[in-house]
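Below are the chains, spelled out letter by letter.
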Amino acid sequence: MSKAKRLSNTCMLHYTKLVYRSCLLLMAAALYIFQRVRTGSGLLAELTRGKAVMTLIWLVFAVEMILRFFPSSMESMGCQKQFAKNYIPEAGGLLPEKRNRSALAVAAAWVGLNAVIGGLYFAAVLDEMLLIVISLAYSVCDMICILFFCPFQTWFMKNKCCGSCRIYNWDYAMMFTPLMFIKSVYTWTLCAMALALLIRWELTFYRHPERFYEATNQSLKCANCHEKLCQHKKQLRRFLRRQQELAAKVQENLPAVTASVAAKAGKKRRRTHGA
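This is a predicted model, so every value here is computed, not measured.

Engineer: Just checking my understanding: could you explain the overall build of the protein chain for this structure?
Structural biologist: Secondary structure assignment for the protein chain yields nine helices and zero strands. Of the regular secondary structure in the protein chain, the N- to C-terminal order runs α-α-α-α-α-α-α-α-α. Counting the 275 residues in the protein chain, one finds 39% classified as buried. In the protein chain, of all internal contacts separated by at least 6 residues, the share reaching a separation of at least 24 is 78%. Taken as a whole, the protein chain presents about 16,500 Å² of accessible surface, with 67% of it coming from carbon and sulfur.

Engineer: Would you mind showing me how to read the packing of helix α1 (residues 9-37) against helix α5 (residues 128-147) here?
Structural biologist: For any two helices packed against each other, the geometry is given by the interaxial angle and the distance between the axes. Taken N-terminus to C-terminus, the directions of α1 and α5 make an angle of 160°; their axes are 9 Å apart at the nearest point. Regarding the angle of α1 to α5, the classification is roughly antiparallel. For the pair α1 and α5, the sense of crossing is left-handed. Along the lines of polarity and charge, the residues of the contact of α1 with α5 split into 18 nonpolar, four polar and three charged.

Engineer: Just to check I follow, could you spell out the packing of aromatic side chains for this structure?
Structural biologist: Pairs of aromatic rings are described using the distance from one ring centre to the other and the angle between the two planes. Inspection of every chain in the model, using the stated rule, returns 14 aromatic pairs. Arranged with centres 6.5 Å apart and planes meeting at 35°, the rings of Tyr121 and Phe181 form a pair that is tilted. Pair noted here: Tyr121 is in helix α4 (residues 101-122) and Phe181 is in the loop between α7 (171-175) and α8 (185-207), with a separation of 60 residues, a long-range link. Comparing Tyr121 with Phe181, the two get one shared label, buried. Where Trp201 meets Phe212, the ring centres are 4.9 Å apart and the plane angle is 85°; that geometry is what we call edge-to-face.

Engineer: What should I look at first to understand unusual backbone geometry in this one?
Structural biologist: Outside of glycine, negative phi angles account for most residues, and trans bonds account for most peptide bonds. One non-glycine residue with positive phi stands out, namely Ala124, at about 70°. Along the chain, Ala124 falls in the loop between α4 and α5. What makes Ala124 exposed here is its relative accessible area of 67%. In this structure, Lys228 takes a positive phi of about 55° despite not being glycine. Here Lys228 falls in the partly exposed class, since its relative accessible area comes to 39%.

Scoring rules and cut-offs
- Residues numbered from 1 in each chain as written.
- Predicted model: local features only at pLDDT ≥ 70, side-chain atom pairs only at ≥ 80, totals over all residues.
- Heavy atoms only, no water.
- Helix = DSSP H or I, 4+ residues; strand = E, 2+ residues; numbered from the N terminus.
- Buried < 20%, exposed > 50% of the residue type's maximum accessible area, 1.4 Å probe, protein only.
- Contact = heavy atoms within 4.5 Å.
- Areas by Shrake-Rupley, 256 points an atom, 1.4 Å probe, with all protein chains shown as cover.
- Axes fitted to C-alpha atoms, helices over the stretch in contact; angles between N-to-C directions.
- Parallel < 35°, antiparallel > 145°, perpendicular 65-115°, else oblique.
- Left-handed = near helix turned anticlockwise from the far one by under 90°.
- Nonpolar A, V, L, I, M, F, W, Y, C, P; charged D, E, K, R; others polar.
- Phe/Tyr/Trp six-rings, centres within 6.5 Å; stacked < 30°, edge-to-face > 60°.

This is how it looks when you write it as structure tokens:
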């Protein structure tokens, strides 16, 4: 019997983030629904609670982003590779020639999506609270991308794992894009911190691109990985592959099974008529 693998500290950190971000999303969604159906004197109390929720959201993500500015042994190498201490030169390693095409495609897709959301907001189809809910939904999807399935990795970037992701530190800037439409100290300070993280990341990338690729940085090689964030994605891919193989076998054997059932039904009818 094989021994179960222990989750790394980095995995545990991301599962913890998934849990409390999901709780924040559910809290904000519940408040939004409650505000939409409540009328009368109770509205002021609900708005007061809404401010408390926004304060909590601000504190949680402000702390997350401040910590992201500094090296951490708990965080993924995906965001930590920007720091000089995590760069181990690879002898003879060559940088890829086209380093920004996929990243620009992601940026264009994200701007397009959120331009639609912004247009709906200014058309009064969406309100401010719903933009906050969307932003929190993005934050939960961020953890899902890291732990289970990432459409940006699969359809755009084609990188093997989070450790070698070119746009890993875009997460907060992407997460808080809907908040830039809301005129509030809370939202604009979150957007400003996210933008500062993004600018620092991009400046580091252009000054030290060798830190960002497995071919030039040994820290990004599987042999030196201790976080194992990709194991759940691999398990999910294996499960889906097995389901596809099973479905293919069922489809392949279906004509024979159908013919066998039809033959048995025919024999039964003949025996019935013969009797």
